[in-house]
Amino acid sequence: MSVSPKSPPLVPPEGVGNLYERVAGHIQDLVEKGTLRPGERIPSVRRLSEQQGVSVSTVLQAYTVLEDRGVIEARPQSGYYVRVQSWKPPAEPEMSRPATRATQVTVGELVMKVMKAVRDPGLVALGAAIPSPELLPTRQLNRAMAALGRRSPELGSSYDVPPGLTALRIQIARRALDAGCALSPEEIVTTCGGMEALHLSLSAVAKPGDTIAIESPTYFGILQCIESLGMKALEIPTHPRDGVSLDALAYALEHQPIAACLFVLNFNNPLGSCMPDENKRLLVEMLAEREIPLIEDDIYGDVSFSPQRPKTAKAFDKKGLVLLCDSFSKTLAPGYRVGWVAPGRFQEKVELLKTVSTIATATLPQMAIADFLANGGYAHHLRRVQRVYSDQVNLVTEAIAKYFPEETKLTRPSGGQVLWVELPSRIDSLELFHRALTEKISIAPGPIFSAKQKFKNFIRLNCGNPWSPTVERALKTLGRIVATMR
């Protein structure tokens, strides 16, 4: 079966989306509607190129996206076919509906209890969003750091005061081009991991008592940071695929005094949502009109399941109001604690705050990562990690469809390493957390992702571990526990 040759060309309006994503969405829509059925051959690359008036490379990119999503499969010397699945993906959670007023954040104590409880190395780690050591280039980085330390011992024992190691900032600026950012090395400040970048940024743009707009749900580390600084949080409704509702944010901006926004726009943790690039542009313009800073946490931006990396909001920043934060903790080396921030017009204050807090970021880890990036190791490593995470997300999704109650709902991320799971309404995820610990399994309960500990029947699962019988057994056990809870 093929697409009608009379189908209109899939040329999006100027500035809207990526063309290959539109082509992929067109084919996926035909599959979901049953026009293209499981096991059937889809149009050849050249034929779809002609039918839709796009290039062959665009169609190839689209088909790669659909392969990563598990929608189609390539058969050698035969073409592309709709993948036959023996299971049906669970439904997706709906957009969140948080309270419309700012609130004090009260999650810190609960987060610490959860984190202390999962220190046991014997646990099957489905809770912490940390990449498996098997997926990290640890040996290469350690060798580079040792060699650099021997070659330049005086550098490794000296302070790299703000803005940080020049060699690393040059490499970061070059990589930022992939995210649509034209940054100079002088516009980048290195930090002790991504959390320090967020902490410095919040401290630079807001004061105790101020309100910070955040996603709902959001990463618990962001909540801890806001709480520690004595600020309030305003949770904005967030869609599991497209991210923050711009309509809801616009309403909040009209009715409440918001000092700054802090969003994870590319592959939000825990939702996995990715705001379309056009919406990022609109977001930046909306905030720029009101002179409101945007702190953008892009820690998962490099871990896209698609061939092309999504842009950052910083790519659309014309007034220096976007503070772009990132880290190598989720891709290279969590323990090296190397992050960075491009703070725009707030750079002088960020550098001052950095100096009076930690003085400098450790030099040798910066040198090792700069060397790894300069030698092309990072690009090669990313291609592998992106493929592995995509496969693991699909495998965990399939296991949840198989082993969890039928009412379970699940996100469908297009990048990152986590899944957000909505369990039947009767389930208390904190009780599930403790029951799972008795089975040597860790999960992240939903309440730690909300300023007021909402999302009682949600959990976040980490897909950063290579698939194994142990992981599958753990998911099966979790499904059994959920089914028995009343």
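Caption draft 1: Geometry of the overall build of the chain. Each helix and strand counted, the chain has 16 helices and 17 strands in total. Relative to the globule expectation of 23 Å for 486 residues, the C-alpha radius of gyration of the chain, 23 Å, shows essentially globular dimensions. Overall size of the chain, expressed as C-alpha extent along the three principal axes, is 65 × 55 × 55 Å. Within the chain, the proportion of its 486 residues that are buried is 57%. Contacts spanning at least 24 positions in sequence make up 76% of the contacts within the chain whose residues lie at least 6 apart.

Caption draft 2: Structural context of the pairing of strand β17 (residues 458-462). Counting buried residues along β17, five of its five residues qualify, which places the element largely inside the surrounding structure. The sheet contact formed by strand β16 (residues 444-445) and β17 spans two bridges and is antiparallel. Directly across from A444, in β17, lies its bridge partner R460.

Caption draft 3: Seen up close, the pattern of salt bridges. Throughout the structure, instances matching the rule amount to 20 salt bridges. Among the ionic pairs, R175 bridges to D178, the shortest N-O distance being 3.9 Å. Classification of D178 by relative accessible area gives partly exposed; the value is 46%. A salt bridge links E196 to K354; the shortest N-O distance between them is 2.9 Å. Pair noted here: E196 is in helix α8 (residues 193-205) and K354 is in helix α12 (residues 347-357), with a separation of 158 residues, a long-range link. Classification of E196 by relative accessible area gives buried; the value is 10%.

Caption draft 4: Local environment of the sheet that holds strand β13 (residues 409-410). Overall, antiparallel pairing links the four strands, which are arranged β13-β14-β17-β16 in an open sheet. With one partner strand each, in any of the chains shown, β13 and β16 form the two edges of the open sheet. As judged from the five bridges shared by strand β14 (residues 418-422) and β17, these two strands associate in the antiparallel manner. The residue of β17 that forms the bridge with L419 is L461.

Caption draft 5: Spotlight on the side chain of T238. Tracing the chain through its elements places T238 in strand β7 (residues 232-239). At a separation of 3.0 Å, a polar atom in the side chain of T238 contacts the main-chain amide nitrogen of S216. Once residues lying within four places of it in the same chain are set aside, the contact partners of T238 are M95, S96, E215, S216, G243, V244, S245, L271 and S273.

Caption draft 6: Fine view of the packing of aromatic side chains. Within this structure, the stated rule accounts for eight aromatic pairs. When the centroid spacing of 4.8 Å and the interplanar angle of 45 degrees are considered together, the rings of Y219 and F220 count as tilted. By relative accessible area, which is 11% here, F220 ends up buried. Put simply, the rings of Y219, F220, W420, F449, F455 and F458 touch in pairs and so form one group of aromatic residues.

Caption draft 7: The arrangement of the confidence of the model for the chain in detail. Per-residue confidence for the chain averages 91 on the pLDDT scale, and 96% of its residues sit at or above 70. Counting interchain partners and residues more than four positions distant, the pLDDT-below-50 stretch residues 1-17 has 33 contacts.

Caption draft 8: Quick look at the pairing of β14. Of all five residues in β14, five are buried; the element is thus mostly enclosed. Residues V418, W420 and E422 line one face of β14 and the alternating positions L419 and V421 line the opposite face, and both faces are buried. With two bridges joining them, β13 and β14 adopt antiparallel strand pairing. Residue pairing in the sheet places L410 in a bridge with V421 of β14.

Caption draft 9: Representation of α12. Listing the buried residues of α12 in full gives Q347, V350 and K354. The buried residues of α12 occupy an angular sector of 60 degrees when projected down its axis, which confines them to one face. Away from its buried face by more than 90 degrees, α12 exposes E348, L352 and V356. On its buried face, α12 is in contact with β5 (189-191), α8 and β12 (339-342).

Caption draft 10: Examining the packing of helix α5 (residues 138-151) against helix α13 (residues 363-374) more closely. Two elements in contact, α5 and α13, have axes whose closest approach is 8 Å; the angle formed by their N-to-C orientations is 115 degrees. Remark: the crossing between α5 and α13 carries right-handed chirality. Of the residues in α13, those in contact with Q140, L141, A144, M145, L148 and G149 of α5 are L364, P365, M367, A368, I369, D371 and F372. Of the residues contributing to the contact of α5 with α13, the split by class is ten nonpolar, two polar and one charged.

Caption draft 11: Seen up close, the environment of L423. Looking at the element boundaries, L423 is found in the loop between β14 and α15 (429-438). Ignoring anything within four residues of it in the chain, the contact list for L423 reads F404, T408, L432, N457, I459 and V482.

Caption draft 12: Up close: the packing of α8 against α12. Running from N to C, α8 and α12 cross one another at 120 degrees; their axes reach a closest spacing of 9 Å. Here α8 is positioned oblique relative to α12, judged by the angle of their axes. For the pair α8 and α12, the crossing hand works out as right-handed. Contacts from E196, L200, S203 and A204 of α8 reach α12 at K349, V350, L353, K354 and S357.

Caption draft 13: Expanded view of unusual backbone geometry. Cis peptide bonds are those with omega within 30 degrees of zero, and the linkage from S216 to P217 qualifies with 5 degrees. Tracing the sequence through the fold places P217 in the loop between β6 (211-216) and α9 (220-228). Omega for the peptide link from N269 to P270 comes to 25 degrees, which places this bond in the cis form. Inspection of the secondary structure assignment puts P270 in the loop between β9 (260-263) and α11 (277-289). Of note in this structure, Q453 is not a glycine but carries a positive phi near 60 degrees.

Conventions adopted
Residues numbered from 1 in each chain as written. Predicted model: local features only at pLDDT ≥ 70, side-chain atom pairs only at ≥ 80, totals over all residues. Heavy atoms only, no water. Helix = DSSP H or I, 4+ residues; strand = E, 2+ residues; numbered from the N terminus. Rg over C-alpha atoms; globule rule 2.2 N^0.38 Å. Buried < 20%, exposed > 50% of the residue type's maximum accessible area, 1.4 Å probe, protein only. Contact = heavy atoms within 4.5 Å. Pairing = 2+ DSSP bridges. Salt bridge = Lys/Arg side-chain N within 4 Å of Asp/Glu carboxyl O. Polar contact = N/O pair within 3.5 Å; in protein donor to acceptor, adjacent residues only side chain to side chain. Phe/Tyr/Trp six-rings, centres within 6.5 Å; stacked < 30°, edge-to-face > 60°. pLDDT = per-residue confidence, 0-100. Arc of directions from axis to C-beta. Axes fitted to C-alpha atoms, helices over the stretch in contact; angles between N-to-C directions. Left-handed = near helix turned anticlockwise from the far one by under 90°. Nonpolar A, V, L, I, M, F, W, Y, C, P; charged D, E, K, R; others polar. Parallel < 35°, antiparallel > 145°, perpendicular 65-115°, else oblique.

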